[in-house]
Amino acid sequence: MKRKAMAWALPVLLVALSVVGAGAPSSARSERPAAVSTTAVGPQYDTTHVYVTPGDVDRFVASWVATFGGTHTAKVVTTVTPTPSSTESELVLSPVGTLSVFDFKTPVPYPFGTERTGWLVRDLDLGVRQARRSGAHVVVAPFDDPIGRDAVVQFPGGVNAQLYWHTKAPSYAPLETVPDNRLYLTPDSVDGFLRSYLQFTGGRIVSDRRSADAGGIGLPGRTYRRIALRSPFGNTVVSVTDGHLPYPFGRETTGYAVHDLAATLRKAEAGGAKVLWGPYSAEGRSSAMVRFPGGYVAELHAPR
């Protein structure tokens, strides 16, 4: 989601998706050849949308930077929707991912707040056409802002993403680790989602484990289907479940790859975050769930 603000606030208007956590190819399913995508720019421009509880934007940003490092822009009060609203917002640029942070001062116009990421595209009209051709729906038609244009699309399974384009292209260094966009879908919706999502993103299936250790989603002793995808927009992990999930699983939108999970969790707790679950080790990785000030829940993982 991008902000209707003055041009000097350009970095704040960057809006996000999630190569480290995607996993290795499964022996049961080979990689699918990637389709050609003409819309993606790069995962460093694809940002997770974080809607913090009112008044917590400073605490959230300070905690995030203390945990992962990075920088952030100054806060601006602006309108980021096509209808009247007001929010404090800023962009956080960290080695593990980019975040657009919003602290709304007015009620949030529907359907904003349901989009998990903002993806920078080279051509917004082309991106919208490709989304429709892939089977996605346009839930917010393209609208102008002072430095570009935006739209919100929905993939089968109810997965919303914002597309955005800037008149003047931004320039950011690549991420150290590319995060995972984490999705929870039902067996009924996953096939339609995969067809649409892979076509639009130009992605491929990296692994499809139908008996993955469900301890990784808080259900030790059980199994579930875990699908890892990779595309020019970044990484995605799809958990196919019956919806019987313990808190906080399903509340996180993004998983962040770190080099040392224990050290990162110590930094997170020192910075005011709370470890809700884990660490748990399974299938070559250790992971944990963390809630940052402002209510943002994230999955953190590292190879073991």
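Above this text is the structure in question.
What comes next concerns the included structure. (Residues numbered from 1 in each chain as written. Predicted model: local features only at pLDDT ≥ 70, side-chain atom pairs only at ≥ 80, totals over all residues. Heavy atoms only, no water.)

**Description of the pattern of salt bridges**
Scanning the entire structure with this criterion turns up 13 salt bridges. Taking the shortest distance from any N to any O, the salt bridge between Lys 75 and Glu 88 comes out at 3.6 Å. Of this pair, Lys 75 sits in the loop between β2 (71-72) and β3 (76-78) while Glu 88 is found in strand β4 (residues 87-94), placing the two residues 13 residues apart along the sequence. A residue is classified by how much of its surface remains accessible, and Lys 75, at 36% relative accessible area, is partly exposed. A residue is classified by how much of its surface remains accessible, and Glu 88, at 17% relative accessible area, is buried. Across the salt bridge formed by Glu 88 and Lys 105, the nearest N and O atoms sit 3.9 Å from each other. Taken together, the residues Glu 88 in strand β4 and Lys 105 in the loop between β5 (97-104) and β6 (117-120) connect sequence positions 17 residues apart. Among the residues examined, Lys 105 registers a relative accessible area of 45% and is labelled partly exposed. Bridged by salt links that share partners, the residues Asp 58, Lys 75, Glu 88, Asp 103 and Lys 105 form one connected network. (Salt bridge = Lys/Arg side-chain N within 4 Å of Asp/Glu carboxyl O. Helix = DSSP H or I, 4+ residues; strand = E, 2+ residues; numbered from the N terminus. Buried < 20%, exposed > 50% of the residue type's maximum accessible area, 1.4 Å probe, protein only.)

**Considering helix α1 (residues 57-68)**
Taking 1.5 Å of rise per residue, the 12 residues of α1 would be expected to cover 16 Å, and the 16 Å separating its terminal C-alpha atoms lies within 8% of that figure. Taken residue by residue, α1 has Val 57, Phe 60, Val 61, Ser 63, Trp 64, Thr 67 and Phe 68 as its buried positions. Buried residues of α1, viewed axially, fall in a sector of 165°; they line one side. Count one or two residues on from α1 and you reach Gly 69, which has phi positive near 80°. (Expected span 1.5 Å × (residues − 1). Arc of directions from axis to C-beta.)

**Focus: the sheet that holds strand β16 (residues 285-291)**
Strand order across the open sheet formed by eight strands is β11-β12-β13-β10-β14-β17-β16-β15, with mixed pairing between neighbours. Whereas interior strands pair on both sides, the edge strands pair on one side only; in this sheet they are β11 (204-213) and β15 (274-282). In this sheet, adjacent strand axes meet at a mean angle of 25° when their direction is disregarded. For β11 and strand β12 (residues 223-231), the ladder comprises seven bridges, and the chain directions are antiparallel. Within the sheet, the bridge partner assigned to Ser 207 lies in β12 and is Ala 228. (Pairing = 2+ DSSP bridges. Axes fitted to C-alpha atoms, helices over the stretch in contact; angles between N-to-C directions.)

**Some remarks on the nonpolar core**
Trp 119, Phe 155, Leu 163, Phe 193, Ile 227, Leu 229 and Val 238 are the most contacted members of the largest nonpolar core, which totals 27 residues. Those elements that provide at least two residues to this core are α2 (124-134), β8 (148-155), β9 (159-166), β10 (180-185), α3 (190-201), β12 and β13 (234-240). Here the element with the most residues in this core is α3; it accounts for six residues. Of all hydrophobic cores here, the second largest spans 24 residues; its members include Val 50, Trp 64, Tyr 296 and Ala 302. (Core = buried A, V, L, I, M, F, W, Y, C linked by side-chain atoms within 4.5 Å.)

**A short note on the pairing of strand β7 (residues 137-145)**
Where β7 meets β8, six bridges bridge the pair, whose relative direction is antiparallel. Bridge pairing links Val 140 to Val 152 in β8. Between β7 and the antiparallel strand that follows it, β8, lie two residues.

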